[in-house]
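# Examination of the molecular architecture
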Amino acid sequence: MRRASLFTVFYWLVKLSKMFFVVLKHSINLPFKDKNLSFFNKKVLKNEIKYVIVSKNSKARDVMNNNKLVDITKIFLDIMFYIGIITWVSLPWSMKYFGRIFTIYQEFYFPLIFVFEVAGFLGVIIIWKLRQIFKTVRDQNCFVRENVEHLKIMGMCSFGITILMACRLFFVVTPSILVLILVFLLAGLFSLVLSQVFKVAINYKEENDLTV
Amino acid sequence: MAIGINLDVVMAQRKIGLKELAEKVDITMANLSILKNNKAKAVRFSTLEALCRELKCQPGDIIEYIEEE
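Below is a summary of the structure that appears in this document. Position numbers for residues start from 1 in each chain and track the written sequence from start to end. Just so you know, chain letters begin at A and ligand numbers begin at 1, following the order they were written in. Local features are withheld for residues below a pLDDT of 70 in this predicted model, meaning they are given only at 70 or higher, and side-chain atom pairs are given and counted only at 80 or more; totals for whole chains, interfaces and linings count all residues. Side-chain metrics in this entry use all non-hydrogen atoms of the structure; hydrogen atoms and water are not considered.

## What to know about the pattern of salt bridges
To be explicit about the condition: Just to be clear on terms, a salt bridge is a Lys or Arg side-chain nitrogen sitting within 4 Å of an Asp or Glu carboxyl oxygen. Each helix is a run of H or I in the DSSP string that is no shorter than four residues. Each strand is a run of E no shorter than two, and both are numbered from the N terminus. Accessibility here uses a 1.4 Å probe with only protein chains present; expressed as a share of the type maximum, an area under 20% marks a residue as buried, one over 50% as exposed, and anything in between as partly exposed.
Tallied over the full model, the rule gives 7 salt bridges over all chains. Between Lys205(A) and Asp209(A) there is a salt bridge, with the nearest N and O atoms lying 3.0 Å from each other. Taken as a pair, Lys205(A) and Asp209(A) lie in helix α10 (residues 175-209) at a separation of 4 residues, close to a single helical turn. Assigned by exposure class, Lys205(A) and Asp209(A) land together as buried. Notably, a salt bridge pairs Glu20(B) with Lys24(B), separated by 3.9 Å at the nearest N-O pair. On the criterion of helical spacing, the pair formed by Glu20(B) and Lys24(B) is a turn pair, its members being 4 residues apart in helix α2 (residues 18-25).

## Quick look at the packing of α2(B) against helix α4 (residues 45-55) of chain B
Residues and elements named next belong to chain B. To be explicit about the condition: In this analysis, axes come from line fits to C-alpha atoms, helices being fitted only over the stretch in contact, and the angle between any two N-to-C directions falls in the range 0 to 180 degrees. Between 65 and 115 degrees an angle is taken as roughly perpendicular, under 35 as roughly parallel, over 145 as roughly antiparallel, and anywhere else as oblique. Handedness of each helix crossing follows the sense of rotation of the near helix against the far helix: counterclockwise by less than a right angle gives left-handed, clockwise gives right-handed. Should any heavy atoms of two residues lie within 4.5 Å, those residues are counted as being in contact. Only Asp, Glu, Lys and Arg are considered charged, only Ala, Val, Leu, Ile, Met, Phe, Trp, Tyr, Cys and Pro nonpolar, and every remaining residue, Gly among them, polar.
α4 packs onto α2 with a crossing angle of 120° between their chain directions and a minimal axis gap of 9 Å. The angle between α2 and α4 places the two elements in the oblique class. As for the relative orientation of α2 and α4, their crossing is right-handed in sense. Taking contact as the criterion, the partners of Leu21, Lys24 and Val25 in α2 are, on α4, Thr47, Ala50, Leu51, Arg53, Glu54 and Leu55. When grouped by side-chain class, the residues that make up the contact of α2 with α4 number 5 nonpolar, 1 polar and 3 charged.

Structure representation (structure tokens):
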């Protein structure tokens, strides 16, 4: 009982401290803008034309920065990413903790640990790619070729999680597993469709930007 | 691409620089360089008209069709 409460205290302490630092980082605006500047300088050295297309939207970028929804989404994505990593790392111990309540986790400890570790890894990759896409959205340059790849990877990871959750059915059949399978299948299809939509949008944008 | 742009030739003949031409034609320097380096996907008729007016030439002097084998 004592070990379990210590674990929960530690868990919540790390969670709250991460949230505090994220909020602190967002209350100071200046370093954020400097980070954007160096990003654009690199683009100038690389490719003149890409720089032109990005700098065209510099006025819109300032408007975007003042948008509350963008800030909230960024904070949420950051929180989910770091909490996800912490949860994935602490998986063996939390599984042992849950094994006391649901005996199924104690019975098939090692197979279920394997399933959850791989599924957790894929989940962290999904959030990571989503954060990368959101970075381009914030810079008002979201219709780039890389985002198509990112969305495709997100879709493949979702399908992978679907298959892993289906493997869990061999141990115990609960309605939550079926719901999870359906949800991740839907998410994977959604990501794949969105990647195709992005491809079409990129073609339109390129044609528009390269019209002199 | 099959359409070649001979803008640099005409600019050299008329002895006009990129910046000056961009100001006269009222497009950005970046857009003009995109056109000059054959990276443009489309040219507006208004731009083409302004270019021909400033450089005192025909569209065929700037744009040419190169047959691809």
